[in-house]
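Residue-level structure breakdown
The chain contents come next:
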Amino acid sequence: MARILAIADAVSPVVYSSNFPGNLAPFDVVLSAGDMPGEVLEFVATKTRVSPLFVFGNHASGYLRDPHTDELRPPGGCIDMHMRVVTVAGLIVVGIEGSLRYRPGPHQYTQAAFRQMVMRLAPRLWWNKRRHGRAVDVLLTHAAPRGPNEGDDPVHAGVAAFNHFHRLFKPRLHVHGHVHLVGANAPRSYVSAEGVRVVNAYEFTLIDL
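Now for a look at the structure at hand. Model, not experiment: these values are computed from the prediction.

**What about the sheet that holds strand β15 (residues 203-208)?**
- Taken in spatial order, the five strands of this open sheet run β6-β3-β2-β1-β15, and their pairing is mixed. The two strands at the open ends of the sheet, each matched to only one other strand, are β6 (79-80) and β15.
- Sheet topology note: the strand β1 (residues 3-8)/β15 ladder contains six bridges and is antiparallel. From the neighbouring strand, R3 faces β15, where its bridge partner is D208.

What follows is the structure in C-alpha coordinates.
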(Lines give C-alpha, C1' and ligand atoms only; values in the text may rest on other atoms or scores of the structure.)
Protein backbone atom coordinates (compact mmCIF):
# COMPACT_ATOMS: atom_id res chain seq x y z
CA MET A 1 0.00 0.00 0.00
CA ALA A 2 1.15 3.55 -0.74
CA ARG A 3 -0.17 6.67 0.95
CA ILE A 4 -0.49 9.81 -1.17
CA LEU A 5 -0.58 13.41 0.04
CA ALA A 6 -2.60 15.30 -2.58
CA ILE A 7 -2.83 19.11 -2.62
CA ALA A 8 -4.46 21.66 -4.93
CA ASP A 9 -5.83 25.18 -5.37
CA ALA A 10 -5.75 26.53 -1.80
CA VAL A 11 -2.89 26.53 0.70
CA SER A 12 -3.75 24.58 3.83
CA PRO A 13 -2.14 25.71 7.09
CA VAL A 14 -1.73 22.02 7.86
CA VAL A 15 0.68 21.65 4.92
CA TYR A 16 2.32 25.10 4.93
CA SER A 17 3.36 24.74 8.55
CA SER A 18 6.53 24.47 10.60
CA ASN A 19 5.12 21.19 11.92
CA PHE A 20 4.86 19.64 8.45
CA PRO A 21 5.14 16.75 7.68
CA GLY A 22 5.17 15.48 11.27
CA ASN A 23 1.64 16.77 11.79
CA LEU A 24 0.33 14.23 9.25
CA ALA A 25 0.36 10.46 9.01
CA PRO A 26 3.42 9.24 7.07
CA PHE A 27 3.02 9.34 3.28
CA ASP A 28 5.03 8.02 0.32
CA VAL A 29 4.03 10.29 -2.58
CA VAL A 30 3.16 13.99 -2.97
CA LEU A 31 0.84 15.00 -5.82
CA SER A 32 -0.10 18.61 -6.57
CA ALA A 33 -3.13 18.92 -8.84
CA GLY A 34 -2.58 22.52 -9.88
CA ASP A 35 -2.83 26.15 -8.82
CA MET A 36 -0.55 25.63 -5.83
CA PRO A 37 1.92 28.50 -5.29
CA GLY A 38 5.48 27.68 -6.31
CA GLU A 39 6.87 28.68 -2.93
CA VAL A 40 4.59 26.15 -1.26
CA LEU A 41 5.69 23.40 -3.65
CA GLU A 42 9.33 24.25 -2.96
CA PHE A 43 8.62 24.23 0.79
CA VAL A 44 7.08 20.76 0.53
CA ALA A 45 10.04 19.59 -1.55
CA THR A 46 12.48 20.64 1.19
CA LYS A 47 10.46 18.88 3.87
CA THR A 48 9.84 15.51 2.22
CA ARG A 49 12.00 12.62 1.09
CA VAL A 50 10.36 12.43 -2.35
CA SER A 51 10.06 15.11 -5.02
CA PRO A 52 6.50 16.43 -5.33
CA LEU A 53 4.86 15.60 -8.66
CA PHE A 54 2.79 18.50 -9.97
CA VAL A 55 0.78 19.85 -12.87
CA PHE A 56 0.07 23.50 -13.58
CA GLY A 57 -3.47 24.76 -13.24
CA ASN A 58 -5.16 27.40 -15.34
CA HIS A 59 -3.93 30.21 -13.06
CA ALA A 60 -0.27 29.15 -13.50
CA SER A 61 0.41 30.12 -9.88
CA GLY A 62 3.13 27.47 -9.58
CA TYR A 63 5.74 29.64 -11.30
CA LEU A 64 8.36 31.59 -9.37
CA ARG A 65 10.36 34.62 -10.52
CA ASP A 66 14.08 33.97 -10.70
CA PRO A 67 15.84 36.78 -8.73
CA HIS A 68 18.88 36.68 -11.06
CA THR A 69 17.15 36.73 -14.44
CA ASP A 70 13.69 38.05 -13.50
CA GLU A 71 12.26 35.23 -15.62
CA LEU A 72 9.54 32.86 -14.47
CA ARG A 73 10.66 29.34 -13.56
CA PRO A 74 8.96 26.20 -12.24
CA PRO A 75 9.40 25.31 -8.56
CA GLY A 76 12.69 23.69 -7.68
CA GLY A 77 12.89 20.17 -6.34
CA CYS A 78 9.61 19.22 -8.01
CA ILE A 79 8.70 17.25 -11.16
CA ASP A 80 6.42 18.82 -13.77
CA MET A 81 4.22 15.88 -14.77
CA HIS A 82 2.55 17.33 -17.86
CA MET A 83 2.56 14.59 -20.51
CA ARG A 84 4.99 12.54 -18.45
CA VAL A 85 4.85 8.98 -17.13
CA VAL A 86 6.77 8.52 -13.87
CA THR A 87 7.03 5.63 -11.41
CA VAL A 88 7.26 6.59 -7.73
CA ALA A 89 6.80 4.37 -4.67
CA GLY A 90 5.79 1.57 -7.02
CA LEU A 91 3.00 3.64 -8.60
CA ILE A 92 2.85 4.57 -12.29
CA VAL A 93 1.70 8.20 -12.45
CA VAL A 94 0.62 10.12 -15.58
CA GLY A 95 0.03 13.88 -15.61
CA ILE A 96 -1.96 16.32 -17.78
CA GLU A 97 -2.04 20.01 -16.88
CA GLY A 98 -4.59 22.77 -17.34
CA SER A 99 -8.30 23.38 -17.69
CA LEU A 100 -10.77 23.89 -20.49
CA ARG A 101 -10.14 27.11 -22.41
CA TYR A 102 -12.35 29.98 -21.27
CA ARG A 103 -10.18 33.03 -22.07
CA PRO A 104 -6.73 33.78 -23.58
CA GLY A 105 -3.95 32.51 -21.36
CA PRO A 106 -1.59 29.62 -20.63
CA HIS A 107 -2.48 26.10 -19.57
CA GLN A 108 -5.96 26.16 -21.12
CA TYR A 109 -7.06 23.73 -23.81
CA THR A 110 -10.10 22.74 -25.84
CA GLN A 111 -11.84 19.38 -25.42
CA ALA A 112 -10.24 18.34 -28.72
CA ALA A 113 -6.75 19.29 -27.48
CA PHE A 114 -7.21 17.17 -24.36
CA ARG A 115 -8.25 14.23 -26.56
CA GLN A 116 -5.07 14.68 -28.57
CA MET A 117 -2.99 14.64 -25.38
CA VAL A 118 -4.54 11.35 -24.29
CA MET A 119 -3.82 9.83 -27.69
CA ARG A 120 -0.20 11.05 -27.56
CA LEU A 121 0.24 9.29 -24.22
CA ALA A 122 -1.36 6.07 -25.46
CA PRO A 123 1.73 4.31 -26.94
CA ARG A 124 3.67 4.65 -23.67
CA LEU A 125 0.72 3.43 -21.65
CA TRP A 126 0.03 0.41 -23.87
CA TRP A 127 3.74 -0.44 -23.50
CA ASN A 128 3.34 -0.26 -19.72
CA LYS A 129 0.35 -2.57 -19.98
CA ARG A 130 2.41 -5.10 -21.91
CA ARG A 131 5.48 -4.78 -19.71
CA HIS A 132 3.96 -4.37 -16.23
CA GLY A 133 0.49 -5.82 -16.61
CA ARG A 134 -1.08 -2.40 -16.07
CA ALA A 135 -0.93 0.86 -17.98
CA VAL A 136 -1.14 3.35 -15.11
CA ASP A 137 -2.03 3.54 -11.43
CA VAL A 138 -2.70 7.27 -10.97
CA LEU A 139 -3.89 9.97 -13.38
CA LEU A 140 -2.95 13.45 -12.09
CA THR A 141 -4.76 16.40 -13.68
CA HIS A 142 -5.90 19.89 -12.76
CA ALA A 143 -9.35 19.71 -14.35
CA ALA A 144 -11.92 17.13 -13.32
CA PRO A 145 -13.41 14.49 -15.61
CA ARG A 146 -17.05 14.73 -16.63
CA GLY A 147 -19.14 13.61 -13.69
CA PRO A 148 -20.01 14.41 -10.07
CA ASN A 149 -16.79 16.34 -9.31
CA GLU A 150 -16.99 18.81 -12.21
CA GLY A 151 -18.28 22.34 -11.69
CA ASP A 152 -21.61 23.66 -12.91
CA ASP A 153 -20.15 26.48 -15.03
CA PRO A 154 -18.12 26.40 -18.29
CA VAL A 155 -14.87 27.35 -16.51
CA HIS A 156 -15.00 24.30 -14.26
CA ALA A 157 -16.66 21.84 -16.63
CA GLY A 158 -15.21 18.34 -16.79
CA VAL A 159 -12.90 17.09 -19.51
CA ALA A 160 -14.48 14.29 -21.57
CA ALA A 161 -11.06 13.00 -22.65
CA PHE A 162 -10.32 12.03 -19.04
CA ASN A 163 -13.37 9.75 -19.02
CA HIS A 164 -12.02 8.22 -22.23
CA PHE A 165 -8.69 7.78 -20.44
CA HIS A 166 -10.53 5.91 -17.67
CA ARG A 167 -12.13 3.56 -20.19
CA LEU A 168 -8.90 2.89 -22.08
CA PHE A 169 -6.32 2.57 -19.32
CA LYS A 170 -8.25 1.82 -16.10
CA PRO A 171 -6.21 3.86 -13.58
CA ARG A 172 -6.89 2.96 -9.97
CA LEU A 173 -7.01 6.62 -8.98
CA HIS A 174 -7.61 10.00 -10.64
CA VAL A 175 -6.48 13.01 -8.58
CA HIS A 176 -7.64 16.47 -9.75
CA GLY A 177 -8.18 20.00 -8.48
CA HIS A 178 -9.76 23.11 -10.07
CA VAL A 179 -13.17 22.74 -8.39
CA HIS A 180 -13.22 24.30 -4.93
CA LEU A 181 -15.02 22.41 -2.19
CA VAL A 182 -17.48 24.53 -0.23
CA GLY A 183 -18.60 23.44 3.23
CA ALA A 184 -17.22 20.86 5.62
CA ASN A 185 -19.31 18.06 4.15
CA ALA A 186 -18.74 18.76 0.45
CA PRO A 187 -18.17 15.41 -1.32
CA ARG A 188 -14.54 14.94 -2.29
CA SER A 189 -14.51 11.59 -4.08
CA TYR A 190 -16.55 9.01 -5.95
CA VAL A 191 -15.99 5.85 -7.99
CA SER A 192 -16.65 6.24 -11.70
CA ALA A 193 -18.58 3.83 -13.91
CA GLU A 194 -15.19 2.49 -15.04
CA GLY A 195 -14.23 1.66 -11.45
CA VAL A 196 -11.80 4.60 -11.11
CA ARG A 197 -11.61 6.36 -7.75
CA VAL A 198 -11.82 10.11 -8.52
CA VAL A 199 -10.58 12.44 -5.75
CA ASN A 200 -10.65 16.24 -5.57
CA ALA A 201 -7.40 17.32 -3.87
CA TYR A 202 -8.68 20.79 -2.87
CA GLU A 203 -6.47 22.10 -0.02
CA PHE A 204 -5.15 18.65 0.96
CA THR A 205 -6.15 15.06 1.47
CA LEU A 206 -4.41 11.77 2.28
CA ILE A 207 -5.24 8.83 0.02
CA ASP A 208 -4.37 5.20 0.70
CA LEU A 209 -3.89 3.22 -2.48
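**Here we look at the packing of aromatic side chains**
- Evaluated as defined, the whole model comprises nine aromatic pairs.
- Seen from their ring centres, F20 and F27 are 6.0 Å apart, and the 25 degrees between their planes marks the pair as stacked. Just as F20 is buried, F27 falls in that class too.
- Plain terms: the ring middles of Y109 and F114 are 5.4 Å apart, the flat faces sit at 70 degrees to each other, and that makes the pair edge-to-face. Residues Y109 and F114 agree in their burial class; the two are buried.

**Details of the sheet that holds strand β13 (residues 189-191)**
- Overall, mixed pairing links the six strands, which are arranged β7-β8-β11-β12-β14-β13 in an open sheet. Of all strands in the sheet, those bounded by a partner on one side alone are β7 (85-88) and β13. Going from strand to strand, the sheet's axes swing by 20 degrees on average, the running direction of each strand aside.
- The pairing of β7 with strand β8 (residues 91-96) spans four bridges and is antiparallel. The residue of β8 that forms the bridge with V88 is L91.
- Helix α2 (residues 111-132) contacts β7 and β8 of the sheet and is inclined by roughly 170 degrees relative to β8.
- Each of β8, β11 (138-141), β12 (173-176) and β14 (197-200) touches helix α3 (residues 160-169); the most contacted strand, β11, lies at about 170 degrees to it.

Thresholds applied
- Residues numbered from 1 in each chain as written.
- Predicted model: local features only at pLDDT ≥ 70, side-chain atom pairs only at ≥ 80, totals over all residues.
- Heavy atoms only, no water.
- Pairing = 2+ DSSP bridges.
- Helix = DSSP H or I, 4+ residues; strand = E, 2+ residues; numbered from the N terminus.
- Phe/Tyr/Trp six-rings, centres within 6.5 Å; stacked < 30°, edge-to-face > 60°.
- Buried < 20%, exposed > 50% of the residue type's maximum accessible area, 1.4 Å probe, protein only.
- Axes fitted to C-alpha atoms, helices over the stretch in contact; angles between N-to-C directions.
- Contact = heavy atoms within 4.5 Å.

Read these as geometric descriptors, not functional statements.
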